[in-house]
Amino acid sequence: MSVIFLVSLLKVVGSVYGVRHILNTLPEIGRGPRLNVDITKGALTEGFLTFAIVILSLGLSRKISNSFYMKTWISSVSKLALHILGSDLTGGCMNPASVMGWAFANGEHITKEHLIVYWLAPVEATLAAVWVFGLLVRPKKDETSTAKKNEAPPLKSQKSD
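Rules used throughout
Counting restarts for each chain, with residues numbered from 1 along the sequence as it is written. Under the rules for a predicted model, residues below a pLDDT of 70 receive no local features and side-chain atom pairs below 80 are neither given nor counted, while totals for whole chains, interfaces and linings still include all residues. Excluding hydrogens and water, the side-chain figures rest on all heavy atoms present in the structure. Put simply, DSSP marks the helices as runs of H or I at least four residues long and the strands as runs of E at least two long, and each gets a number from the N terminus on. Only protein chains enter the accessibility calculation, which uses a 1.4 Å probe. A residue is then buried if its area is under 20% of the maximum for its type, exposed if over 50%, and partly exposed in between. Residues count as neighbours in contact if any of their non-hydrogen atoms are within 4.5 Å of one another. A helix is expected to span 1.5 Å multiplied by its residue count minus one. We define the bend at each residue as the angle formed by axes fitted to the 7 residues ending at it and the 7 residues starting at it. Throughout, an axis means a line fitted to C-alpha atoms (over the contacting stretch in the case of helices), and angles, computed between N-to-C directions, take values from 0 to 180 degrees. Every angle not falling under 35 degrees, over 145, or within 65 to 115 is termed oblique; those three ranges are roughly parallel, roughly antiparallel and roughly perpendicular. Crossing handedness follows the turn of the near helix against the far one: under a right angle anticlockwise gives a left-handed crossing, and clockwise gives a right-handed one. In this classification, the charged set is Asp, Glu, Lys and Arg, the nonpolar set is Ala, Val, Leu, Ile, Met, Phe, Trp, Tyr, Cys and Pro, and all remaining amino acids, among them Gly, are polar.

Undergrad: Mind laying out the overall build of the protein chain, listing which residues take part and the relevant values?
TA: Along the protein chain, the regular secondary structure elements total 6 helices and 0 strands. Starting at the N terminus, the α and β elements of the protein chain follow one another as α-α-α-α-α-α. Within the span of the protein chain, comprising 161 residues, buried residues form 24% of the whole. Once local pairs closer than 6 in sequence are excluded, the contacts in the protein chain between residues at least 24 apart make up 74%.

Printed below as a string of structure tokens:
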């Protein structure tokens, strides 16, 4: 559990420093994601987009396991389409670590809107997507364990009198 926390913390720190370098190099560019709707609609939007991405990623890893380029292409096009759908409402980031850099640079990292829309909603949507995917899709059975179950049990040798 501590490794997951450490990795998440390092992603946030990397995002903050990345945004600072971008703003120092090109100060005239963007302000990061902006919430253009109320908190409820923003949280639902980010949650739905994150849910869709997680379900898509889990489905691709399960159904298309041997074609790296096909998985990458489908995943990239789908994520781009979902980002475009959400960009007018919330910025369509769906990743708390990347949003944290922009929010920290703008001094908005502890506002209620930021915490609910960009942290709580994506985390809950990810957990819900993993749970729903587990309910809808049966786990793969290993071929070796299936083969062992299908083998006939050894016959008992007859007692010699």
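Still more ground to cover, so stick around.
Undergrad: Would you mind going over the environment of A43 in detail, with residue names and values included?
TA: Within the secondary structure layout, A43 lies in helix 2 (residues 39-63). For A43, a relative accessible area of 17% translates into the label buried. Sequence spacing of A43 and A121 is 78 residues, and the spatial spacing of their C-alpha atoms is 5.4 Å. Apart from residues lying up to four places away in sequence, A43 is in contact with I116, V117 and A121.

Undergrad: Tell me about helix 5 (residues 112-136), and please be specific about residues and values.
TA: In a regular helix each residue adds 1.5 Å, so 25 residues correspond to 36 Å; helix 5 covers 34 Å between its end C-alpha atoms and thus fits that length. The largest bend in helix 5 comes to about 30°, at L120, with the proline P122 one to four residues further on. Restricting attention to buried positions, one finds in helix 5 the residues H114, V117, Y118, A121, P122, A125, A129 and F133. In this structure, the buried residues of helix 5 make contact with helix 2 and helix 4 (96-106).

Undergrad: Can you explain the packing of helix 4 against helix 5? Please cite residues and give values.
TA: In a pair of packed helices, the angle between the axes and the distance between the axes together describe the arrangement. In the contact formed by helix 4 and helix 5, the axes pass within 10 Å of each other and the chain directions differ by 165°. Between helix 4 and helix 5, the angle is such that the two are roughly antiparallel. Judged by the sense of rotation from one axis to the other, the crossing of helix 4 with helix 5 is left-handed. Facing helix 4, whose interface residues are P96, V99, M100 and A103, helix 5 presents H114, Y118, W119 and P122. Looking at side-chain class alone, the contact of helix 4 with helix 5 contains 7 nonpolar, 1 polar and no charged residues.

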